[in-house]
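Inside the fold
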Amino acid sequence: QGTSVGVDLTSSSATIANQSKVVSSTTGLRLARQNGVASKATVNNSEIFGGNVGASLSAQSELILQANSKVTGTNVDSDGIRSFGGKISATDSTIVGGRNGIVLFADQNLSADIPGTFTRVRVTATDPVSKYSSSALVTVVVHHHLLRRR
């Protein structure tokens, strides 16, 4: 356990697997984009823990959770995942935060793709056994205070 980011990827990719545990008092996993090149992480049967946020994704980065993986924000006011325009896919996995499971923000650098200060995203959850699915529309708002703190 450290006070810095547990796993910090910039313009790269990684697979975290085989019951691995990533633990940090701040951010468990950070996927960052540099010079237009995004990062991608696949987490398979492993756990990510971060005090403030379990995982943070920049625009166009991708997080894939598979096979009993868990991403957890451990502090009372933490978020499981914060995505600033990144893509999240979770199958047979858990995302937990003290305050929020998943927080989606519009990336201010993608303003050409996002009219105004918000956009709507469809979030669908599907049961792997019954194949029953349920969808919801989520409004993603640019929160300028949080974007400045990055």
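Residues numbered from 1 in each chain as written. Predicted model: local features only at pLDDT ≥ 70, side-chain atom pairs only at ≥ 80, totals over all residues. Heavy atoms only, no water.

1. Describing the pattern of salt bridges
Pairing between side chains of opposite charge can happen when the charged atoms of each approach one another. Taken as a whole and assessed by the stated rule, the structure comprises four salt bridges. Two residues, aspartate 8 and arginine 30, come together in a salt bridge whose shortest N-O distance is 2.7 Å. Taken together, the positions of aspartate 8 in strand 1 (residues 7–10) and arginine 30 in strand 4 (residues 27–32) put the pair 22 residues apart, joining distant regions of the chain. Residue classification places aspartate 8 among the partly exposed residues on the basis of a relative accessible area of 39%. The closest approach of N and O atoms between arginine 99 and aspartate 79, which form a salt bridge, is 3.1 Å. Here arginine 99 is found in the loop between strand 12 (94–96) and strand 13 (100–104), whereas its partner aspartate 79 is found in strand 10 (residues 79–83), with 20 residues between them in sequence. Relative accessible area serves as the criterion here: at 48%, arginine 99 is assigned to the partly exposed category. Looking at aspartate 79, the relative accessible area reads 2%, which means it is buried. When salt bridges with common partners are traced through the structure, they connect Asp79, Arg82 and Arg99 into a single cluster. (Salt bridge = Lys/Arg side-chain N within 4 Å of Asp/Glu carboxyl O. Helix = DSSP H or I, 4+ residues; strand = E, 2+ residues; numbered from the N terminus. Buried < 20%, exposed > 50% of the residue type's maximum accessible area, 1.4 Å probe, protein only.)

2. So, the pairing of strand 3 (residues 21–24)
Only one face of strand 3 is covered, namely the one carrying Val22 and Ser24; the face carrying Lys21 and Val23 has none of its residues buried. Direction of pairing for strand 3 relative to strand 6 (residues 47–50): parallel, over a ladder of four bridges. When the bridges of strand 6 are listed, valine 22 appears paired with isoleucine 48. (Pairing = 2+ DSSP bridges.)

3. Quick notes on the side chain of serine 61
By the secondary structure assignment, serine 61 is in the loop between strand 7 (53–57) and strand 8 (62–66). For serine 61, a relative accessible area of 0% translates into the label buried. Among the polar contacts listed, one links the side chain of serine 61 to the backbone nitrogen of serine 39, at a separation of 3.2 Å. Those residues in contact with serine 61 that lie beyond four places of it in its chain are Leu31, Ala32, Arg33, Ala38, Ser39, Gly86 and Lys87. (Polar contact = N/O pair within 3.5 Å; in protein donor to acceptor, adjacent residues only side chain to side chain. Contact = heavy atoms within 4.5 Å.)

4. Considering the sheet that holds strand 11 (residues 87–90)
Taken in spatial order, the four strands make up an open sheet running 2-5-8-11, and their pairing is parallel. In the strand order of this sheet, the two ends are held by strand 2 (13–17) and strand 11, each with one partner. On average, adjacent strands in this sheet sit at an angle of 10 degrees to one another, irrespective of strand direction. (Axes fitted to C-alpha atoms, helices over the stretch in contact; angles between N-to-C directions.)

5. Let's talk about the sheet that holds strand 9 (residues 70–73)
In spatial order, the strands read 3-6-9-12; together these four strands make up an open sheet with parallel pairing. The sheet is open, and its two borders are formed by strand 3 and strand 12, each paired with just one other strand. Between one strand axis and the next, the sheet turns by 5 degrees as a mean value, whatever way the strands run.

6. Side note on the environment of alanine 67
Mapped onto the fold, alanine 67 is located in the loop between strand 8 and strand 9. Taking the C-alpha atoms as reference, alanine 67 lies 9.7 Å from alanine 17; in sequence the two are 50 residues apart. When residues no more than four places from it in sequence are discounted, the contact partners of alanine 67 are Asn44, Asn45, Thr91, Asp92 and Ser93.

7. Describing the confidence of the model for the protein
In the predicted model, the protein carries a mean pLDDT of 82, and the fraction of residues at 70 or more is 75%. Counting interchain partners and residues more than four positions distant, the pLDDT-below-50 stretch residues 110–116 has six contacts. A low-confidence stretch, residues 144–150 stays under pLDDT 50, and its non-local contacts, those more than four residues away or across chains, total 11 contacts. (pLDDT = per-residue confidence, 0-100.)

8. Description of unusual backbone geometry
Its identity is not glycine, yet serine 11 carries a phi of approximately 50 degrees, on the positive side. Its place among the elements puts serine 11 in the loop between strand 1 and strand 2. Although it is not a glycine, aspartate 92 sits at a positive phi angle of roughly 50 degrees. Along the chain, aspartate 92 falls in the loop between strand 11 and strand 12.

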